[in-house]
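Notes for the structure review
These are the residues of each chain, in order.
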Amino acid sequence: MKIGIEQIGFAIPNMYLSMDDLAAARGVDPNKFKIGIGQDEQAVPPLSQDPVTLGVNAALEWFKPEMRDQIGLLIFGTESSIDESKATAMYAKRLLGIHDWCRCFEAKEACYGATAGLMTAYDFIKNHPDQKAIIFGADIARYGLDTPGEVTQGAGGIAMLVSADPKIMEIEPTSTPFCDDVMDFWRPQYFDTAIVNGHYSTEQYLRFFKNAWNRHKETTGLKIEDYVAFCYHLPFMKQGLKALRLILPEASEAQQTLLQKHFDESAAYSRRVGNIYTASIYLSLISLLDHANDLKAGDRIGMFSYGSGAASEFFTGKLLPNYQDYLRPEAHKEIFEQRRRLTVPEYEEQFKQTLPHDASDFDIDVTNDPAPVVLTGLKDKQRIYDRRK
């Protein structure tokens, strides 16, 4: 039985900031951001978008009403959760109209949460092949204005349908997790922005990848020549590139060129969106599939998921026949083309807008947000969502 990704989509806010503009405002060379970090643009969320809306809007790219009664598992991976108790999965279930006999919960381990959901879905489908699972990953990355992490902010979400009838990619059964308790990135409950030990986090990311990669080779017998591409969690492009460069010497010169080409294609969307935490690695996969015109059925893709704190997993997938029929590159191109470019003052004003932290009611102006699902405000200490028809 094959288990894997039947459908996958993403959603981003309709506003962005150019790194050229940010560099000029901060008085730095644009190449520090565009080459040194690997970021060209950054998604900027309005108040009407949060992890719930970003995840559900990603699912609406492929979701059909007839799927509602097929879903047996719904997992929402996020590290910017909106509630200390109630799972984001419950809102997503209601907004999609999923039946009540579905197992729903939220997964958290920094940027690894969506992968934890995917691996759980694999085991679920193995035991319930007649059912399907929806896995979400959605986050808003905030580090503050004029801070070292400002350039790596972002917002977005992904949603994938996992089943025993995959159309895009079969997930292979052997994966390699590697976890260790490290303090490279965390956010206490009393903080609105994360605490980041940047250089240390990069060191840990590379250590985790090297350990997972080497053990995966030992346990599976696979070598670098068995892969056509690698997708990485991309908090910023340069971090994934450093990981790729660790293993490129294992490949022939021709394969090194191919792997570098495919990495650039996998990073294309992230360069224009920024860090979206749990969704990042899957945005990398979508970007690769949308941009690479030389992939074919049976090609193996290596996937490295990393969540600070820290948890990681290296797993693999094989592309399926006619997988291109289930992609939407033109629709994704339109998403980027329709975004509005903010000036730096507009971006800073938008960043300062936050939901109230007290119990007061609050209305959000959604006039300029065209997304199908929006957050319209707070009432009686509850978030109010609207799924537009």
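Read on for an overview of the structure. All values derive from a computational prediction rather than experimental measurement. (Residues numbered from 1 in each chain as written. Predicted model: local features only at pLDDT ≥ 70, side-chain atom pairs only at ≥ 80, totals over all residues. Heavy atoms only, no water.)

Relative to each other, helix H1 (residues 19-26) and helix H2 (residues 30-37) sit at 135 degrees, their axes nearing to 7 Å. Between H1 and H2, the interaxial angle falls into the category oblique. Seen from H1, the contacting residues are Met19, Asp20, Leu22 and Ala23; seen from H2, they are Pro30, Phe33 and Lys34. The residue makeup of the contact of H1 with H2, split by class, is 5 nonpolar, no polar and 2 charged. (Axes fitted to C-alpha atoms, helices over the stretch in contact; angles between N-to-C directions. Helix = DSSP H or I, 4+ residues; strand = E, 2+ residues; numbered from the N terminus. Parallel < 35°, antiparallel > 145°, perpendicular 65-115°, else oblique. Contact = heavy atoms within 4.5 Å. Nonpolar A, V, L, I, M, F, W, Y, C, P; charged D, E, K, R; others polar.)

Before going further, it helps to spend a moment on the pattern of salt bridges. The tally for this structure, following the rule as stated, stands at 20 salt bridges. Among the salt bridges present, the one from glutamate 6 reaches lysine 132, with a minimum N-O distance of 2.8 Å. Here lysine 132 lies in strand S6 (residues 132-141) and glutamate 6 lies in strand S1 (residues 4-11), a separation of 126 residues in the sequence. In this pair, the class of glutamate 6 matches that of lysine 132, namely buried. Aspartate 21 serves as the salt-bridge partner of arginine 341, at 3.1 Å between the closest nitrogen and oxygen. Taken together, the residues arginine 341 in strand S15 (residues 340-342) and aspartate 21 in helix H1 connect sequence positions 320 residues apart. Classification of arginine 341 as partly exposed rests on a relative accessible area of 44%. On the basis of relative accessibility, which here comes to 24%, the residue aspartate 21 falls in the partly exposed class. One network of salt bridges, in which partners are shared, links Arg26, Asp146, Glu150 and Glu348. (Salt bridge = Lys/Arg side-chain N within 4 Å of Asp/Glu carboxyl O. Buried < 20%, exposed > 50% of the residue type's maximum accessible area, 1.4 Å probe, protein only.)

Moving on, we come to the sheet that holds strand S17 (residues 373-379). Taken together, the 3 strands give an open sheet; going across it, the order is S16-S17-S18, and neighbouring strands pair in antiparallel fashion. Two strands lie at the open edges of the sheet, namely strand S16 (362-363) and strand S18 (382-387), each paired on one side alone. Here S16 pairs with S17 via 2 bridges, running antiparallel. Looking across to S17, one finds that phenylalanine 362 is bridged to leucine 378. Against the sheet, helix H3 (residues 51-59) touches S17 and S18, its axis set at about 155 degrees to S17. Helix-sheet contacts for helix H4 (residues 88-96) involve S17 and S18, and the interaxial angle to S18 is about 30 degrees. (Pairing = 2+ DSSP bridges.)

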